[in-house]
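Structure assessment
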Amino acid sequence: MDRYARQRLFGVFTRGATALVVGVMGLVVGVTILRGGRVLLADPAIAITPPGSRYMLEGTGGFLHAVLGSVLIVGPATVVSMTLAVSTALYLQSDYSSKRFSDVTNMFLNVLWATPPIVYGVFVLTIIIAIGARTSLVFGIVAIAIFQYPIMTRYTDEALRSAPDAVGEATYGLGATRFESAFMTIRAALPGIVAGIVMGFARGIGDAATVLFTAGRSTNMPAGPFEPATTLPVLIFDQAMSFNAEVRAHAYAASFVLIVAVLGLILTSKLLAGRYARFAPGGRHS
Amino acid sequence: MDRSTDVGQDQSAGRIDRRLLVERASHRWLQAAGYLAVGLFAAIVLTLVYESLPLLAEYSLVQALTSANWDPAQNEFGFLPAIVGTVYVTVLSMAMGAPIAILAAVYIAEYADGRLKTLVSSFIDVLAAIPSVIFGLVALIVVVPFVGDYLAPAVGVDATGVGILTVSLVMAIVVTPFIISLSVESLEALPDELRESSLGVGATKWETIRSVLLRAAGPGIFSAMLLGFGRVFGATIVPAMLIGGQTQLPDSVFSTGQTLPTLIVNDFGELMSLPLTQSALIFVGLVLVVVVWAFNFGAMLVRSRLQRRWQY
């Protein structure tokens, strides 16, 4: 085979690999939407039917409690995590800490980012046992917040880093304090930060391993902050492992809702990033 | 003294005080947040180690890691089946996923352009954000029958479809977009002069990619693969749905098995009733953390090593 034939063959391989990856994605999204949509259309009531304690066995009951649980856990967790992530990322900027400190902290953030979510679940569970509490919504929030924190910090740190130096120089030149200057830098980096927050939210809402042991696998509506709750991924996991075929079918309806939510969030992140671009110096004005 | 200027000075002094107060208070808060990452890391390690001690007091580390007998009811904690299962899954899915991921990354970074490139890379982003429980669910109706009804009979094995191979296939799909986007990043970071000078001395595009670009981006791609390794190693939900949960040494890739994370998921229900189980399962968490973190630090080390060796 001469070198040009080899070149063509390689080109075919790379195209094939990409087509395979994109095709698999189409398959996953397509199967979830078609199958889940069919189940949901056949019996729309399963979305809101209040579940009872025996719904796993009898195949009745819907997933509204899990949707509520997801929102009530991931929403507050995202707020907590965002506050911490933006603060950490700000501190890592050169105005506050040394290069060495931010390098070391970034290394730890990378390691936390790669830590398996189940470890966060186990970590929070040991805390629950140690203080004699029981699994509840609040601990679900704590676990998801810990899970999201390194993800969001990374995004925010990158966004702040890519904000133009001129913003800092101009604000210091006007006599601003570090905090006032940081505030303006955040404004300039807002597109990236918002994208990071939405991505963190999307990752948090899709994760099951952290909430599996911390929020409790409740089959009822979330009753209060110290009561057990469940989230959509946990519900899907439990239903998919059920022996009852009807319950297994319901898992597809719930996954339809989950995948639509995640796709919507990604779309939102792209749109918001475009929208907030007007805050960036030299950004597009709309 | 003129009273009015006095008041004015007071006011402006007050304003500066307030601004400095905000500055000082925010500095404290940000400093605390800055140390949070390190603090969290330390808290996790210390908690896991402390909670694992009861198990290690009864068993030696070697005994726990090499015994194949897992029976919490009899106080037998051998992690070998789960370790073997985890290694099987990790190696198989990386062997299937990594070559495809690198080829696709080369396509996105070097061949695709304009609209097509934006389209394909946003598809990859979406794939990376799909919750793994959905991959598991789709695999139940697509991959499980494929392995059970076609693949296993084709090689003359009787299998139900759930097992190590199925998990590896699905994990290869889950981890591919992650490796692709990191590899694309390091390929795109290369300066154009590299491509130009290689093409300028008469190399074909493929020769440029193979001998120059993949080499120059090698450290980045290698550490992307090590990070992918860590991802598969710690994957929980997909194996829990598809591996079958049998705590025995697997005899083929089609047999059911157990991975370290699924051990935690499947056995935590027995937590309250059996004394050492809690400690044993937290020890599993510790093993996960140590291995994944070792991969990470390894990735960083290898990256800087290769960067020095493959300088351009």
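Here the structure is a predicted model, which means the values were calculated and not measured.

Before going further, it helps to spend a moment on the nonpolar core. Counting residues in hydrophobic clusters, the biggest one holds 176 residues, and the most contacted among them are Ile73(A), Ile118(A), Ile44(B), Phe79(B) and Ile180(B). When residues of this core are assigned to their parent elements, the largest contribution, 13 residues, is made by helix H6 (residues 137–162) of chain A. When residues of this core are sorted by domain, at least three fall in each of domain 1 (2–58) and domain 2 (65–310) of chain B. Here Ile73(A) is in contact with Leu137(A), Gly140(A), Ile141(A), Ile144(A), Val211(A), Ala215(A), Ala229(A) and Thr231(A), once residues within four sequence places are set aside.

Moving on: the domain arrangement of chain B. Residues and elements named next belong to chain B. Annotation of chain B at the domain level lists domain 1 (2–58) and domain 2 (65–310). When each unit is reduced to the centre of its C-alpha atoms, the spacing between domain 1 and domain 2 is 39 Å. Each partner contributes residues to the interface: domain 1 has 12 residues there, and domain 2 has 12 residues. For the domain 1 and domain 2 pair, buried surface summed over both sides reaches about 990 Å², with 83% attributable to carbon and sulfur atoms. Run the count over domain 1 and domain 2 and you get three residue pairs in polar contact (both at pLDDT 80 or more).

Moving on: the environment of Phe135(B). All names here are of chain B. One can find Phe135 in helix H6 (residues 132–141). Relative accessible area serves as the criterion here: at 4%, Phe135 is assigned to the buried category. Between the C-alpha atom of Phe135 and that of Val174, which follows or precedes it by 39 residues, the distance is 7.5 Å.

Below, the discussion takes up the packing of aromatic side chains. Enumeration according to the criterion identifies 15 aromatic pairs over all chains in this entry. Each residue in the set Tyr59(B), Trp70(B), Phe77(B), Phe79(B) and Phe283(B) is aromatic and connected to the rest through ring pairs, giving one cluster. Of note, Arg154(A) hangs over the ring of Trp113(A), and the distance from its end group to the ring centre comes to 4.2 Å.

On to the interface of chain B and chain A. Counting from both sides, the interface comprises 78 residues of chain B and, opposite them, 78 residues of chain A. Around 7,200 Å² of area is buried between chain B and chain A when both sides are counted, 80% of it from carbon and sulfur atoms. Run the count over chain B and chain A and you get three salt bridges. With a closest N to O distance of 2.9 Å, Glu23(B) and Arg178(A) form a salt bridge. The tally of links from chain B across to chain A stands at 15 residue pairs in polar contact (both at pLDDT 80 or more). The element best represented in the side of chain B that touches chain A is helix H1 (residues 3–34) of chain B, accounting for 11 residues.

Residue and element names in this part refer to chain B. Within helix H7 (residues 143–154) the residues assigned to the buried category are Val143, Val144, Val147, Gly148 and Ala152. Looking down the long axis of H7, one finds its buried residues gathered within 125° of arc, a one-sided arrangement. In H7, the exposed positions that point more than 90 degrees away from the buried face belong to Asp149, Tyr150 and Ala154. Lining the buried residues of H7 we find H6, helix H8 (164–188) and helix H12 (237–242). Within two residues after H7, Gly156 carries a phi angle of roughly 75°, on the positive side.

All names here are of chain B. Counted according to the given criterion, the structure contains 10 salt bridges over all chains. Put simply, Asp192 and Arg195 hold a salt bridge, and the shortest N to O gap is 2.8 Å. In this pair, Asp192 and Arg195 are both assigned in helix H9 (residues 192–200), three residues apart and thus about one turn of the helix distant. Under the relative-accessibility criterion, Arg195 is labelled buried at 14%. Each member of the salt-bridge network shares a partner with another, and the members are Glu110, Asp192 and Arg195.

Quick notes on the rules
Residues numbered from 1 in each chain as written. Chains lettered and ligands numbered in written order. Predicted model: local features only at pLDDT ≥ 70, side-chain atom pairs only at ≥ 80, totals over all residues. Heavy atoms only, no water. Core = buried A, V, L, I, M, F, W, Y, C linked by side-chain atoms within 4.5 Å. Buried < 20%, exposed > 50% of the residue type's maximum accessible area, 1.4 Å probe, protein only. Helix = DSSP H or I, 4+ residues; strand = E, 2+ residues; numbered from the N terminus. Domains from an automatic or database assignment. Contact = heavy atoms within 4.5 Å. Buried area = accessible area lost by both parts, 1.4 Å probe. Polar contact = N/O pair within 3.5 Å; in protein donor to acceptor, adjacent residues only side chain to side chain. Phe/Tyr/Trp six-rings, centres within 6.5 Å; stacked < 30°, edge-to-face > 60°. Lys NZ or Arg CZ within 6 Å of the ring centre and 35° of its normal. Salt bridge = Lys/Arg side-chain N within 4 Å of Asp/Glu carboxyl O. Arc of directions from axis to C-beta.

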